[in-house]
There are 2 protein chains.
Amino acid sequence: TGTMAQQVALRCWAGRTGDATVALHPLAHPELHEQGALAAVSGLRTVHPTSAPRMPSAQEVRDHPEPFGTLMLELPLRDAGFALPTWDELEATVAAARERDAVVHLDGARLWECGPHFGRGLEEIAGLADSVYVSFYKSLDGLSGAALAGPSALVEEARVWRHRYGGQLFQQYPAALSALIGLDRELPRLPSYVAHAKVVAGAMAEGFAAAGVPWFRVNPEPPHTHQFQVWLPYGAGVLDEASLRQAEETGVTLFRSWSEGAPGAAGLPPGVSVTEVTVAGAGLEWSAEDVREAVAGFVELLPA
Amino acid sequence: TGTMAQQVALRCWAGRTGDATVALHPLAHPELHEQGALAAVSGLRTVHPTSAPRMPSAQEVRDHPEPFGTLMLELPLRDAGFALPTWDELEATVAAARERDAVVHLDGARLWECGPHFGRGLEEIAGLADSVYVSFYKSLDGLSGAALAGPSALVEEARVWRHRYGGQLFQQYPAALSALIGLDRELPRLPSYVAHAKVVAGAMAEGFAAAGVPWFRVNPEPPHTHQFQVWLPYGAGVLDEASLRQAEETGVTLFRSWSEGAPGAAGLPPGVSVTEVTVAGAGLEWSAEDVREAVAGFVELLPA
């Protein structure tokens, strides 16, 4: 799994750098979604060069007051709206970590869809880092599983830790095959999803503005990948109810579930909710006009 | 300091319960504002029975899947808007912890102002817990410092740890004297601040509604203590600029500094900011009409 692959990688790097401190974003997946596993299981400690909802800048990495052995970057940063830096910012941040003798590990669960925003190929993006984790079951649509790439000595050591962590699954061919199919089938289509997400996000913003919703946010606009956030000033229950009624009454599903407040963190501010929108195969069939109409229909189902 | 007093208390309890796990809120002060000190310095681990912006319920404490030696409750929970439970909820949550053989420690940095909401005296509120930390320099307006109260055996042990942590300050009488003055001078006035905060918060909400701000939140409304949050859908820079101009041009200071997004956490949602309002001595002089007028003047300074 990704949870295991990244702990193994970070633990191996901690041994090699002599520093068990990992610099990462407070919105990064291990901080928000893994129950404190880095500290509880792997003896690692985390520090945060920034809490602004974007990748740490080169300056923030350079100026961070504590030493760290590894800088871990989540590309895109999901809980900040699947946000990416520019290519120049990414290069500069990586260089700043190297100046501090830190290694750079990429949380690349969603790395597959980063190419269009950077204007670079996957090899060049991954090549910036010392190690990269990728997921098989997000954009690639595989069954499960993850892979870790890095120098061969690191990968050899990672095999040992994988066994210790309990990750030596017997017969993994369904996961491997479904990931390989994803490489064939989904990977080439991702750029079209990324391009169409800009159309969908723009049409959603137009739809909310036209419907007179008092405040909303499509974040980022335009999206950096094929996924983005939508924020609305209503409780999650009200929005889920509207989504469900829209699906039942019209057969149109515009949004999946809503969460109150910041994803993964406590529900702040009160009365504001967020959802994540993914534009994949089926989304290509929606024109901007379809999206605007669906938004209008959705807003009509909200209480005045 | 409070940071030290609470680590000492939690560490002593960990030794006595045999469990170094502390259950607390992800918005609690040690999680947001102390650089991971519980783990990095004191060998403690934290778990979160809830991330909803309120105290964990009795049910959440009862059902939490991991064992913990101590339940730490911040009263009021500052980063959720200085929020308090009801007295019955507080009693039930404490009882649920005791059923699990956990001790209960109160982060009472702002305990002084909780009496009116609970309708109970300080002794009765503090008496619910096994140990309580209080701050000298928040509502009491002292210079610095903190106190820890608990069973005498715990307090004896805490002295030893205070020395080890480096907290044996030589000559603390200015801090002690200023805190004693606060007990005399500020403590009796706190109920009037708490009462007037309801007037101020209500008038602010009326002012924002009248001024046609697209979305806002006064949280909680009415406030539980003499402090509360105000959320507005603008960037922090724009709001700070308006606060400064209002002060310069009219001599009225309605708000102090604004932060983008959730306090302490990453700035989410984008384009929403929060500030904290404290109603103390000088605030008693403001009528509801004064507040409404000041809000109208503030909103006029915001970009259209």
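What you see is a predicted model; the values in this text were computed from it and never measured.

Student: Any chance you could explain the packing of helix α10 (residues 190-211) of chain A against helix α12 (residues 288-300) of chain A here in plain terms?
Tutor: Between two packed helices, what matters for the description is the angle formed by their axes and the separation of those axes. Residue and element names in this part refer to chain A. It is the contact of α10 with α12, at a shortest axis distance of 8 Å, that shows an interaxial angle of 40°. The angle between the axes of α10 and α12 places the two elements in the oblique class. Helix-helix and strand crossings are classified by hand; for α10 and α12 the assignment is right-handed. Between α10 and α12, the contacting residues are Val199, Val200, Ala203, Met204, Glu206, Gly207, Phe208 and Ala211 on the first element and Ala288, Val291, Arg292, Val295 and Val299 on the second. In the contact of α10 with α12, the residues fall into ten nonpolar, one polar and two charged.

Student: Any chance you could explain the pattern of salt bridges here in plain terms?
Tutor: If the charged atoms of two oppositely charged side chains come close together, the side chains can form a pair. All names here are of chain A. All told, the structure shown has 22 salt bridges over all chains when counted by the stated rule. A salt bridge links Glu276 to Arg78; the nearest nitrogen and oxygen atoms lie 2.9 Å apart. Remark: Arg78 occurs in the loop between β3 (70-74) and α5 (87-99) and Glu276 occurs in strand β10 (residues 273-278); sequence separation between them is 198 residues. What makes Glu276 partly exposed here is its relative accessible area of 28%. Looking at Arg78, the relative accessible area reads 21%, which means it is partly exposed. The network of salt bridges with shared partners includes Glu206, Glu289 and Arg292.

Student: Which parts of the structure should I look at to understand the sheet that holds strand β9 (residues 259-260) of chain B?
Tutor: By way of backbone hydrogen bonds, the strands of a sheet pair with one another, either parallel or antiparallel. Residue and element names in this part refer to chain B. Strand order in the open sheet formed by four strands is β7-β8-β10-β9, with antiparallel pairing between adjacent strands. With partners counted over all chains shown, the strands left at the sheet margins are β7 (217-219) and β9, one partner each. Alignment of β9 against strand β10 (residues 273-278), held across two bridges, turns out to be antiparallel. Within β10, the position partnered with Ser259 by the bridge is Val274. Each of β7, β8 (227-232) and β10 is contacted by helix α10 (residues 190-210), which is oriented at about 10° to β8, the strand it contacts most.

How each quantity is defined
Residues numbered from 1 in each chain as written. Chains lettered and ligands numbered in written order. Predicted model: local features only at pLDDT ≥ 70, side-chain atom pairs only at ≥ 80, totals over all residues. Heavy atoms only, no water. Axes fitted to C-alpha atoms, helices over the stretch in contact; angles between N-to-C directions. Helix = DSSP H or I, 4+ residues; strand = E, 2+ residues; numbered from the N terminus. Parallel < 35°, antiparallel > 145°, perpendicular 65-115°, else oblique. Left-handed = near helix turned anticlockwise from the far one by under 90°. Contact = heavy atoms within 4.5 Å. Nonpolar A, V, L, I, M, F, W, Y, C, P; charged D, E, K, R; others polar. Salt bridge = Lys/Arg side-chain N within 4 Å of Asp/Glu carboxyl O. Buried < 20%, exposed > 50% of the residue type's maximum accessible area, 1.4 Å probe, protein only. Pairing = 2+ DSSP bridges.

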